[in-house]
Amino acid sequence: MPIITLLTGAADFTSLTLVLKAATEESDAIAINYGSFIQACIDFLIIALVIFLMLRFIMKLTSMAKKEEEAKEEPPAGPTSEELLTEIRDLLKESKN
């Protein structure tokens, strides 16, 4: 991910912590590692953006192919509505006679 590294300046947020209680001889330190959360959110957003752009590109290609296919298909040459009405009129005249 060299482009992302170039944009973010190789930022690594995993080491960010908020110390609630310092370590003593009797107990360990209590800290909130919010940097890992921030790093996971940034990674998620980058991956989501890439997947979104890929799907958008694929959908555009699919729609272009579909439009080309529809353009190639010509409707079957059939009688016009005027010809059909004329034929119906003639059939009705024949049935009355």
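Just so it is clear, the model here is predicted, and its values are computed rather than measured.

Draft legend 1. Structural view of helix α2 (residues 34-72). Taking 1.5 Å of rise per residue, the 39 residues of α2 would be expected to cover 57 Å, and the 57 Å separating its terminal C-alpha atoms lies within 8% of that figure. Every buried residue belonging to α2 is among Gly35, Gln39 and Ile46, and all of these are buried.

Draft legend 2. Examining the pattern of salt bridges more closely. A full pass over the atoms with the stated rule returns 1 salt bridge. Note that arginine 89 is salt-bridged to aspartate 90, the shortest N-O span being 3.5 Å.

Draft legend 3. How the structure looks around the confidence of the model for the protein. Predicted confidence across the protein gives a mean pLDDT of 86, with 89% of residues reaching 70 or more. Put simply, helix α1 (residues 2-8) is where the protein has its lowest mean pLDDT, 67, and strand β2 (residues 30-32) is where it has its highest, 92.

Draft legend 4. Region of interest: a nonpolar patch on the surface. Together, Leu16, Leu18, Leu20, Ile30, Ile32, Tyr34, Phe37 and Ile38 line one region of the surface with nonpolar side chains, adding up to about 720 Å² of accessible area. Counting residues per element, the ones that place at least two in the nonpolar patch are β1 (18-21), β2 and α2. The leading source of residues in the nonpolar patch is α2, at 3 residues. Tracing the sequence through the fold places tyrosine 34 in helix α2. For tyrosine 34, a relative accessible area of 35% translates into the label partly exposed.

So, how was this worked out
- Residues numbered from 1 in each chain as written.
- Predicted model: local features only at pLDDT ≥ 70, side-chain atom pairs only at ≥ 80, totals over all residues.
- Heavy atoms only, no water.
- Helix = DSSP H or I, 4+ residues; strand = E, 2+ residues; numbered from the N terminus.
- Expected span 1.5 Å × (residues − 1).
- Buried < 20%, exposed > 50% of the residue type's maximum accessible area, 1.4 Å probe, protein only.
- Salt bridge = Lys/Arg side-chain N within 4 Å of Asp/Glu carboxyl O.
- pLDDT = per-residue confidence, 0-100.
- Patch = residues over 30% accessible without salt bridge, like charges linked within 9 Å, V, L, I, M, F, W, Y side chains within 5 Å.
- Areas by Shrake-Rupley, 256 points an atom, 1.4 Å probe, with all protein chains shown as cover.

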